[in-house]
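Examining the three-dimensional arrangement
Below are the chains, spelled out letter by letter.
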Amino acid sequence: MANILDYLRWRGDISLAQSPFNDVDNLILARLSYIKFDGIVPGIGDQMGIELGKAVSILCDPDPANPYAVHFTPLSDDDKALLALLEESERFSKMILTGYVNDFDPDAEKQFSALTVLPGDSTAYVAFRGTDNTIVGWKEDFNMSFTTPVPAQTESVRHLTRIAGMLDLPLRVGGHSKGGNLAVYSSSFCPEQVQKKILCVYNNDGPGLDQNTISKDGYQRVKDRILTFVPQSSIVGMMLEHEEDYMIVHSTQSGMAQHDPYSWEVLRCDFVTDGHLTDGSRFIDKTLKGWVAQVDAEKRKFFIDTLYEIVSSTDAKTVREFSASWGKNALTFARAYKNMDEETRNILREVIAALIRIARENLPLPNLPTKK
């Protein structure tokens, strides 16, 4: 089955003049925003930019004296292949990268990064990075279940407004995972004059917004320009609320692995679509929405903050580090629970019990045989 890497092999030599910007191009640029271009791509306020191909060449130069390559750790082997294909691609290599920001603040529980791409068709694509592998990044995602805005959402509005002021161009705004949420949030709450410059907002399997937020005028003004894509067993993308329509893309993976954009099936310059969400996706969607509706925000905050405090006590900085020492960390959780005061334990038990109860209520009924 073909994916975005195959798309680049097939159509990487076709210019935007020959084939206009499409949904698959959007996913590629959203994924590109995960690459750490610190020191290579100019930031906001710098009128200069750098060609995508040149930025990749600098980043991946194996010369031991190259300080960028020494610190470059791609999230996956697919990212290495993506960069190599982009560097060779006539369609992408001459695109200009600018407006790069990478702001990581553990104290503020903020993980925010963005990249602006000038494709060469007299538009700009503002890409917001999704959740990285850091514990802080995932904590900020969970914070969305009880508060709006989180720091990254506030920063996304400021960032999009500054980019719009820097570039007198029509804008596409997009991202994957939390980056998709930031694309929608920033487009909803930037000034009206900036909203008028927005051509399209791409949410690639990113969480929605809470009901109060999507009722606001800002969201209502842009909702018809939002394109949301989710795989058939979406978990992340079905969190919170979506008033906009969404397209179901076929993923070659299963479960949580469908969140990986490299698993999304592509045919020519379009996604391969699926007819409906799976029962599993609908089950998780109903369960999480039920949990948010039935457990008040203060208890959700207390639950998530307590778990984060325990995870932070393990000294793991990334999800990968935490998973690598799962046995030891499980003991840390057990000791922390034992040492909690009774009130804290009661709240945790209440929140977990509510989640289990709601999950049971939403379990799909088995298909019973009919009597003949």
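For the structure itself, look to the data block above.
Now for a quick tour of the structure. These numbers were taken from a predicted model, which means no experiment stands behind them. (Residues numbered from 1 in each chain as written. Predicted model: local features only at pLDDT ≥ 70, side-chain atom pairs only at ≥ 80, totals over all residues. Heavy atoms only, no water.)

Take asparagine 3: it is sitting in the segment before helix 1 (4-11). Polar side-chain contacts of asparagine 3 include one of 2.9 Å to the backbone oxygen of tyrosine 262. If we ignore the near neighbours within four places in the chain, the residues touching asparagine 3 are Tyr262, Trp264 and Val266. (Helix = DSSP H or I, 4+ residues; strand = E, 2+ residues; numbered from the N terminus. Polar contact = N/O pair within 3.5 Å; in protein donor to acceptor, adjacent residues only side chain to side chain. Contact = heavy atoms within 4.5 Å.)

The mixed open sheet is built from eight strands, whose spatial order is 1-2-3-4-5-6-7-8. Each having just a single partner strand, strand 1 (50-51) and strand 8 (246-249) make up the two edges of the open sheet. As paired elements, strand 5 (residues 171-176) and strand 6 (residues 198-204) share six bridges and run parallel to each other. Along strand 6, the bridge assignment pairs arginine 172 with cysteine 200. Strands strand 2 (96-105), strand 3 (110-118), strand 4 (124-128), strand 5 and strand 6 of the sheet are contacted by helix 7 (residues 151-166), whose axis makes an angle of about 25° with strand 3. (Pairing = 2+ DSSP bridges. Axes fitted to C-alpha atoms, helices over the stretch in contact; angles between N-to-C directions.)

Mapping aspartate 168 onto the fold places it in the loop between helix 7 and strand 5. Separated by 46 residues in sequence, aspartate 168 and serine 122 place their C-alpha atoms 9.5 Å apart.

Not every positive phi belongs to a glycine, and serine 177 is a case in point at roughly 60°. With a phi close to 55°, aspartate 205 is a non-glycine residue in the positive phi region. When you line up the elements, aspartate 205 lands in the loop between strand 6 and helix 10 (211-214). Judged by relative accessible area, aspartate 205 falls into the buried class, the value being 1%. (Buried < 20%, exposed > 50% of the residue type's maximum accessible area, 1.4 Å probe, protein only.)

Let us look at helix 7. Here helix 7 spans 23 Å end to end across 16 residues, near enough to the 22 Å set by a 1.5 Å rise per residue. Within the sequence span of helix 7, burial applies to Ala152, Gln153, Glu155, Ser156, Val157, His159, Leu160, Ile163, Ala164 and Met166. (Expected span 1.5 Å × (residues − 1).)

We now examine the packing of helix 2 (residues 23-32) against helix 5 (residues 77-88). As a packed pair, helix 2 and helix 5 sit with axes 11 Å apart at the nearest point and diverge in direction by 115°. Note on packing geometry: the crossing formed by helix 2 with helix 5 is left-handed. Along the contact surface, helix 2 presents Ile28, Arg31 and Leu32, while helix 5 presents Asp79, Leu82, Leu83 and Leu86. The residue makeup of the contact of helix 2 with helix 5, split by class, is five nonpolar, no polar and two charged. (Left-handed = near helix turned anticlockwise from the far one by under 90°. Nonpolar A, V, L, I, M, F, W, Y, C, P; charged D, E, K, R; others polar.)

Here we come to the packing of aromatic side chains. Pairs of aromatic rings are described using the distance from one ring centre to the other and the angle between the two planes. Scanning the entire structure with this criterion turns up seven aromatic pairs. Taking 5.9 Å as the distance between ring centres and 35° as the angle between the ring planes, the aromatic pair formed by phenylalanine 21 and tyrosine 125 counts as tilted. Of this pair, phenylalanine 21 sits in the loop between helix 1 and helix 2 while tyrosine 125 sits in strand 4, and the two are 104 residues apart along the sequence. Owing to a relative accessible area of 1%, tyrosine 125 belongs among the buried residues under this scheme. Note on phenylalanine 21 and tyrosine 202: the rings are 6.4 Å apart at their centroids and 50° apart in plane angle, and the pair reads as tilted. Of this pair, phenylalanine 21 sits in the loop between helix 1 and helix 2 while tyrosine 202 is found in strand 6, placing the two residues 181 residues apart along the sequence. Side by side, phenylalanine 21 and tyrosine 202 carry an identical accessibility label, which is buried. Counting every residue linked through ring pairs, the aromatic cluster contains Phe21, Tyr125 and Tyr202. For arginine 31, the ring lying beneath its charged end belongs to tyrosine 34, and the centroid distance is 4.6 Å. (Phe/Tyr/Trp six-rings, centres within 6.5 Å; stacked < 30°, edge-to-face > 60°. Lys NZ or Arg CZ within 6 Å of the ring centre and 35° of its normal.)

The element helix 2 is largely enclosed, with a buried count of ten among its ten residues. Residues Asp23, Val24, Asp25, Asn26, Leu27, Ile28, Leu29, Ala30, Arg31 and Leu32 constitute the buried set of helix 2. Of the residues that open helix 2, the one with a side-chain oxygen 2.9 Å from the backbone nitrogen of valine 24 is asparagine 22.

Attention shifts here to the pattern of salt bridges. With the rule as written, the count across this model stands at ten salt bridges. Aspartate 79 serves as the salt-bridge partner of arginine 31, at 3.0 Å between the closest nitrogen and oxygen. A residue pair is termed long-range when its members are at least 10 positions apart, and arginine 31 in helix 2 and aspartate 79 in helix 5 qualify at 48 residues. Summarising the burial analysis for this pair, arginine 31 and aspartate 79 share the class buried. The closest approach of N and O atoms between arginine 345 and glutamate 342, which form a salt bridge, is 2.8 Å. Remark: glutamate 342 and arginine 345 occur in helix 16 (residues 342-362); sequence separation between them is three residues, near one turn of the helix. Looking at glutamate 342, the relative accessible area reads 41%, which means it is partly exposed. Each of the salt bridges in this network shares a partner with another, and the network as a whole consists of Glu342, Arg345 and Arg349. (Salt bridge = Lys/Arg side-chain N within 4 Å of Asp/Glu carboxyl O.)

Everything listed is a geometric property; what it means functionally is a separate question.
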